[in-house]
Amino acid sequence: MTRRAHPRAVAATLAATALLGLLGVLAAAPAHATGYRYWSFWKWSGGAWAYQQQGPAGYVPPDGSVDGWRFAVSPDGGRDAARPGAPGDFEAACAATPAQAGRKRIAVVLDFGTAADAPPGALAAGSAPPAARTGCASVPTGASSAEVLAALAPPLRYDGAGILCAIAGYPAAGCGEALAGTAPAPGGPDGSDGSAGPDLGLIAGGAAVAVLTAGAVWQARRRR
């Protein structure tokens, strides 16, 4: 003879299941992203730009490397940041820079972004940021990426915390400003659709789960 579950046990099980389902729904909803206006740091690797996990002062690029920099409004964390528009072609960038004993050659791609990325008041009406450019620095073998950049694109500007704020004097003011409510662009590098904020369909599904669970709990109590 099959033992019948106690109504309270059934109700508790249903409630716990619904709660876990609702938590999963809410976790799946994308957070409303915050964007930052800053210079992101990249390295050319395997035929594509890879976000540089080390800061420029701590990273020592080997001879033949390509560093990339892009100024843009991008989400924090790097994965969805705007990449430099040009590829990292070391041979083309350093063709006119001869190799020297005791020194290394590092190619650098600088992308100053678009007018939409520029800080308010940074550009005259109708003007654009500086044109993107590529250069080659011949530096001592132990030079960091920060030293490469200082040799190739002065003046640099840092804030009190050592964060790079400007390359080649651009922008003239501001440093890593947060722009609340900025979301990743559609079709970002992580494959997201660029939507910001919770998905209404997911919330509606979670609400439906909660309603069905409440009904089941009420039925179980009624049969006691």
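Thresholds applied
- Residues numbered from 1 in each chain as written.
- Predicted model: local features only at pLDDT ≥ 70, side-chain atom pairs only at ≥ 80, totals over all residues.
- Heavy atoms only, no water.
- Disulfide = S-S within 2.5 Å.
- Helix = DSSP H or I, 4+ residues; strand = E, 2+ residues; numbered from the N terminus.
- Buried < 20%, exposed > 50% of the residue type's maximum accessible area, 1.4 Å probe, protein only.
- pLDDT = per-residue confidence, 0-100.
- Contact = heavy atoms within 4.5 Å.
- Salt bridge = Lys/Arg side-chain N within 4 Å of Asp/Glu carboxyl O.
- 1 Å grid on protein atoms, 1.4 Å probe; cavity = no way out; pocket = protein on both sides within 12 Å on 5 of 7 lines; lining within 4 Å.
- Points joined across faces, edges and corners; volume = space filled by probe spheres on them.
- Nonpolar A, V, L, I, M, F, W, Y, C, P; charged D, E, K, R; others polar.

**Q** Before we go on, may I ask you to explain the state of the cysteines in this structure?
**A** What we call a disulfide is simply a covalent bond connecting the sulfur atoms of a pair of cysteines. Scanning the model with the defined rule gives two disulfides in all. Sulfur-sulfur distance for the disulfide between Cys94 and Cys136 comes to 2.0 Å. Taking the sign of the S-S torsion, 100° for the link of Cys94 and Cys136, the bridge is right-handed. Highlighted residues: Cys94 in the loop between helix H2 (90-93) and strand S4 (103-111) and Cys136 in strand S5 (residues 133-140), separated in sequence by 42 residues. Each member of the pair Cys94 and Cys136 is classed as buried.

**Q** Quick question: what am I supposed to make of the confidence of the model for the protein chain here?
**A** Caution applies to low-pLDDT regions: their predicted coordinates should not be interpreted in detail. Scored by pLDDT, the protein chain comes out at a mean of 76, with 64% of its residues at no less than 70. Under a pLDDT of 50 for its full length, residues 10-31 has, in the predicted model, 21 contacts with residues more than four places off or in other chains. The model gives residues 183-221 a pLDDT under 50, and that stretch makes 42 contacts with residues more than four places away or in other chains.

**Q** When you look at the pattern of salt bridges in this model, what are you seeing that I'm missing?
**A** Side chains that differ in sign of charge can pair as their charged atoms come close. All told, the structure shown has two salt bridges when counted by the stated rule. For Asp111, the salt bridge is made with Arg70, and the minimal N-O distance between the two is 3.7 Å. With Asp111 in strand S4 and Arg70 in strand S3 (residues 66-75), this pair connects stretches of sequence that are 41 residues apart. Note that Asp117 and Arg70 form a salt bridge whose closest N and O atoms lie 3.5 Å from each other. Of this pair, Asp117 sits in the loop between S4 and S5 while Arg70 sits in strand S3; the two residues are 47 residues apart in sequence, bridging distant segments of the chain. Exposure remark for Asp117: the relative accessible area of 9% places this residue in the buried category. A single network of salt bridges, built from pairs that share partners, joins Arg70, Asp111 and Asp117.

**Q** What's the story with empty space enclosed by the protein in this structure? I'm lost.
**A** Any empty space left between atoms is shown by rolling a water-sized probe over those atoms. Counted according to the given criterion, the structure contains one cavity of 30 Å³ or more. When its volume is computed, the largest cavity comes out at roughly 60 Å³. Taken together, 13 residues line the largest cavity, and the ones lying closest to its centre are Arg37, Tyr38, Cys165, Cys175 and Gly176. Those elements that place two or more of their residues in the lining of the largest cavity are strand S1 (34-45) and strand S7 (164-166). For the lining of the largest cavity, a count of residues per class yields nine nonpolar, two polar and two charged.

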